[in-house]
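# Summary of structural features
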Amino acid sequence: MSDTAPPLRRLNVTKLSDQIVVQLETMIVEGSFKPGDRLPPERQQAEQLGVSRPSLREAIQKLAARGLLQSRQGGGTFVTDQLDSGFADPWQEMIGKHPELHRDVLEFRRMLEGTVAELAATRATDADLERIGRIFGQIEASYSNVEVSSKFDVQLHQAIADAAHNALFTHLTSSLLSMLQAHVHDNVANLFAVGPVAEQLLGQHRAIWEGIRARDPKAARKAAESHIDFVDETLSSLREEEVRRQRALRRTGG
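Residues numbered from 1 in each chain as written. Predicted model: local features only at pLDDT ≥ 70, side-chain atom pairs only at ≥ 80, totals over all residues. Heavy atoms only, no water.

By the naming in an unreviewed UniProt entry, the protein chain is Pyruvate dehydrogenase complex repressor, taken from Derxia gummosa DSM 723. Note on the protein chain: under the UniProt heading Function (unreviewed entry), the record states "Transcriptional repressor for the pyruvate dehydrogenase complex genes aceEF and lpd." (UniProt positions renumbered as here; feature names shortened; annotations may be inferred.)

### Section: the overall build of the protein chain
If you tally the helices and strands in the protein chain, you get eleven helices and two strands. Seen in sequence order, the protein chain has helices and strands lined up from the N terminus as α-α-α-β-β-α-α-α-α-α-α-α-α. Of all 254 residues assigned to the protein chain, the portion counted as buried reaches 39%. The long-range fraction of contacts in the protein chain, counting pairs at least 24 apart against all pairs at least 6 apart in sequence, stands at 71%. In the form shown here, the protein chain has an accessible surface area of approximately 14,900 Å², with 52% of it arising from carbon and sulfur atoms. (Helix = DSSP H or I, 4+ residues; strand = E, 2+ residues; numbered from the N terminus. Buried < 20%, exposed > 50% of the residue type's maximum accessible area, 1.4 Å probe, protein only. Contact = heavy atoms within 4.5 Å. Areas by Shrake-Rupley, 256 points an atom, 1.4 Å probe, with all protein chains shown as cover.)

### Details of the pattern of salt bridges
Tallied over the full model, the rule gives 16 salt bridges. Measuring nitrogen to oxygen at the nearest pair gives 2.7 Å for the salt bridge that ties Glu-58 to Lys-15. Residue Glu-58 is found in helix H3 (residues 53-65), and its partner Lys-15 is found in the segment before helix H1 (16-29); the two are separated by 43 residues along the sequence. With a relative accessible area of 44%, Lys-15 lands in the partly exposed category. Residue Arg-134 is joined to Glu-130 by a salt bridge in which the shortest nitrogen-to-oxygen separation is 3.6 Å. With Arg-134 and Glu-130 both in helix H6 (residues 126-142), this residue pair falls four residues apart, about one helical turn. For Glu-130, a relative accessible area of 46% translates into the label partly exposed. One connected set of salt bridges, linked through shared partners, spans Arg-110, Glu-118, Arg-221, Glu-225 and Asp-229. (Salt bridge = Lys/Arg side-chain N within 4 Å of Asp/Glu carboxyl O.)

### Some words on the packing of aromatic side chains
If you walk through the whole model with that rule in mind, you get zero aromatic pairs. Above the face of the Phe-78 ring, Arg-72 is positioned so that its terminal group lies 3.9 Å from the ring centre. (Phe/Tyr/Trp six-rings, centres within 6.5 Å; stacked < 30°, edge-to-face > 60°. Lys NZ or Arg CZ within 6 Å of the ring centre and 35° of its normal.)

### A few points about the environment of Ala-164
The topology assignment puts Ala-164 in the loop between helix H7 (146-163) and helix H8 (167-179). Residue class for Ala-164 comes out buried when judged on its relative accessible area of 0%. Separated by 47 residues in the primary sequence, Ala-164 and Ala-117 have C-alpha atoms spaced 7.2 Å apart. If we skip the residues at most four places from it in the chain, Ala-164 touches Val-116, Leu-119, Ala-120 and Arg-123.

### Digging into the packing of helix H5 (residues 101-123) against helix H11 (residues 217-252)
Across the interface, H5 lies against H11 with an axial gap of 7 Å and an inter-helix angle of 160°. The pairing of H5 with H11 is recorded here as roughly antiparallel in orientation. Crossing hand, H5 versus H11: right-handed. Every residue of H11 that contacts H5 at Arg-103, Leu-106, Arg-109, Arg-110, Glu-113, Gly-114, Thr-115, Ala-117, Glu-118, Ala-121 and Thr-122 is listed here: Pro-217, Ala-220, Arg-221, Ala-224, Glu-225, Ile-228, Asp-229, Val-231, Asp-232, Leu-235, Ser-236 and Arg-239. (Axes fitted to C-alpha atoms, helices over the stretch in contact; angles between N-to-C directions. Parallel < 35°, antiparallel > 145°, perpendicular 65-115°, else oblique. Left-handed = near helix turned anticlockwise from the far one by under 90°.)

### Remarks on the pairing of strand E2 (residues 76-79)
Judged from the four bridges that link them, strand E1 (residues 69-72) and E2 form a sheet pairing that is antiparallel. Looking at E2, one finds that Gln-70 is bridged to Phe-78. (Pairing = 2+ DSSP bridges.)

### Quick look at the packing of H6 against H7
For the pair H6 and H7, the least separation of the axes is 9 Å and the interaxial angle reads 165°. What the angle tells us is that H6 and H7 run roughly antiparallel. Every pair of crossing elements has a handedness; the one defined by H6 and H7 is left-handed. For the pair H6 and H7, the contacting residues are Asp-128, Arg-131, Ile-132, Ile-135, Phe-136, Gln-138, Ile-139 and Ser-142 in the first and Val-148, Ser-149, Phe-152, Asp-153, Gln-155, Leu-156, Gln-158, Ala-159, Ile-160, Asp-162 and Ala-163 in the second. Its residues placed into classes, the contact of H6 with H7 shows ten nonpolar, five polar and four charged. (Nonpolar A, V, L, I, M, F, W, Y, C, P; charged D, E, K, R; others polar.)

If you want it as C-alpha cells, here you go:
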C-alpha cells in the first residue's frame, strides 16, 4: 500500500452569478420573459432565487453587457429584443420597399404556422390551452373591429408558437410577427374591405384552436395552412383588381 496520496484535482465551482445568468437566460430563451417585460424588483427577485442581491446585480450586469437586458435609471430592468431584432430589422425595411415580398412572407408563414400548430396540438400544456382559448375568445368578441381584431390575431399566433415548446419557433414567430405587425393589420383591413369575410376569418381561427384543443395535430396543421391560403388568395385577388383598375384609369386618362 502506497504512503503517497493521489493528487487532488481543483474543483471547478461555478460562480453564483454565473448560475443566475444561466437561469435568467433560460427564462428569456423559452419565452417566460419576453421582449419589453420588466424583471421583478431586485429584492423580490433575490428572495425568489434564494441569492444575495450583489450576486443578482452582477448577473444582471453580465446579461446587460450582452444586450439581453437593459437597466433604466430609476425604472427597473427590462428584457430587450436582442434575440429577435437581428432577423427582423433588415427585412422590415425590405418588405416596406418591395411589396412583392408579401407573397414570400405568406408562403413562409404557411410553413411556419402549420408546423407550430401541429406541435402545439401535441405539446400544449393546460396553461397553454387556457391562454390560447382566452385569446380566441377575445377575437370572437371583437372580430368585426379591425383594430382590435388584428391585435388579438398577432397574440393568438404567438401563443400557438409558444405552445409548440421550441425556443427557436417562439423567437422566430415573435420576430416575424413583430416585423409584420403593420403587414398583418393591412392584411386584415384589406380582407374586411373586400366584403363580409370577418366570419370566415373567425371560423379559420376557430378551426385552428379546436384542432389544438382536441390534440389533433393533422387538423391543427391543416387549419393553420388553410387560413394562410385564404389570406394569400384573397390578397392576390385584391392586387389583381387594383392592377386592372389602374390600367383602366390610364386608358381613359383618369
